Amino acid sequence: MEIEDIPTPPKPHAIIIAFGLQGHVIPAVHLAIKLASKGLTITFVNTEVIHHEITKSKRHEVGSDDHQNDIFAGARNSGLDIRYRTVCNGFPIEFNRPANLEKFHEGYLNNLPNYMDELVGDILRDVTSVSCLIVDTFYTWTSQIAKKYNLAPFISLLRV
């Protein structure tokens, strides 16, 4: 058997899920970039509403364009393998979360796990090399998703 006949194993691939607040998303973004710079493939999952807030704020930056809506576009342009997905948290973007905090929390706790489970399943249908789920400790239900899909759970506060 010649050396070129030996199949190259796929790069390690992790899914990172940050809690849907800016103070959690930013450290998770930094972690994703750091892990990707070490050779891992990363799929970063963000809620649609946080993605919307990020893109809305970027529209006001000088020189911003639609390409800037993907928070990892620059990292990918520098050669990092970071994919970006969004997931619904159970409410439309225009839902007034602060005015309906109790309803939002209840829905967030009851609906987001189902949407996240579905999204992880979709990712795994497309990418079979995912081996790890890196999540924020505020998502207590993610260990069930990791077990369901035979992923190693790595639960972290994702604080720097």
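In case you missed it, the structure is sitting above this.
Not measured: the values here are computed from a predicted model.

Caption draft 1: Just helix α1 (residues 22-37), in detail. Taking 1.5 Å of rise per residue, 16 residues should cover 22 Å, and α1 covers 22 Å from first to last C-alpha, within 8% of that figure. Residues of α1 that are buried: His 24, Val 25, Pro 27, Ala 28, Val 29, Ala 32, Leu 35 and Ala 36. The first or second residue beyond α1 is Gly 39, which carries a positive phi of 105°.

Caption draft 2: Layout of the nonpolar core. In this structure, Ile 15, Ile 17, Val 45, Met 116 and Leu 133 are the most contacted members of the largest nonpolar core, which totals 24 residues. Every element with two or more residues in this core is listed here: β1 (13-17), α4 (101-126), β4 (130-136) and α5 (142-148). Sorting elements by how many residues they give to this core places α4 first, with eight residues. If sequence neighbours within four positions are ignored, Val 45 has contacts with Ile 15, Ile 16, Ile 17, Ala 18, Arg 85, Val 87, Met 116, Leu 119 and Ile 123. Ala 18, Val 25, Val 29 and Phe 72 belong to the second largest nonpolar core, which has 21 residues in total.

Caption draft 3: Quick look at α4. Compared with an ideal rise of 1.5 Å per residue, which puts 26 residues at 38 Å, α4 spans 35 Å between its outermost C-alpha atoms and is within 8% of the ideal. Taken together, the buried positions of α4 are Phe 104, Gly 107, Tyr 108, Leu 112, Pro 113, Met 116, Asp 117, Leu 119, Val 120, Gly 121, Ile 123 and Leu 124. If you follow the buried residues of α4, they end up packed against β1, β2 (41-47), β3 (82-87), β4 and α5.

Caption draft 4: Fine view of the packing of aromatic side chains. Under the defined criterion, the tally for this structure stands at eight aromatic pairs. Between the aromatic rings of Phe 44 and Tyr 84, the centroid separation amounts to 6.3 Å while the plane-to-plane angle is 20°, which identifies the pairing as stacked. Here Tyr 84 lies in strand β3 and Phe 44 lies in strand β2, a separation of 40 residues in the sequence. We note that Phe 44, like Tyr 84, is buried. With 4.3 Å between their ring centres and 25° between their planes, Phe 91 and Phe 95 make a pair best called stacked.

About the thresholds
Starting afresh in each chain, residues are numbered from 1 along the sequence in its written order. This being a predicted model, a pLDDT of at least 70 is required before a residue's local features are given, and a value of 80 or more before pairs of side-chain atoms are given or counted; all residues contribute to the totals for chains, interfaces and linings. Note that the side-chain values use all heavy atoms of the structure and ignore hydrogens as well as water. Helix and strand labels come from DSSP, where a helix needs a run of H or I of at least four residues and a strand needs a run of E of at least two; each type is numbered from the N terminus. Helix span, expected: 1.5 Å multiplied by one less than the number of residues in the helix. The buried label goes to any residue with under 20% of its type's maximum accessible area, the exposed label to any with over 50%, and the partly exposed label to all in between, with areas taken from a 1.4 Å probe on protein chains only. In this text, buried Ala, Val, Leu, Ile, Met, Phe, Trp, Tyr and Cys residues form a nonpolar core when linked through side-chain atoms within 4.5 Å. Throughout, a contact is declared for two residues whenever any of their heavy atoms are within 4.5 Å. Only the six-membered ring of Trp is used, alongside the rings of Phe and Tyr, when aromatic pairs are assigned; centres must lie within 6.5 Å, and planes under 30 degrees apart are stacked while those over 60 apart are edge-to-face, with the rest tilted.

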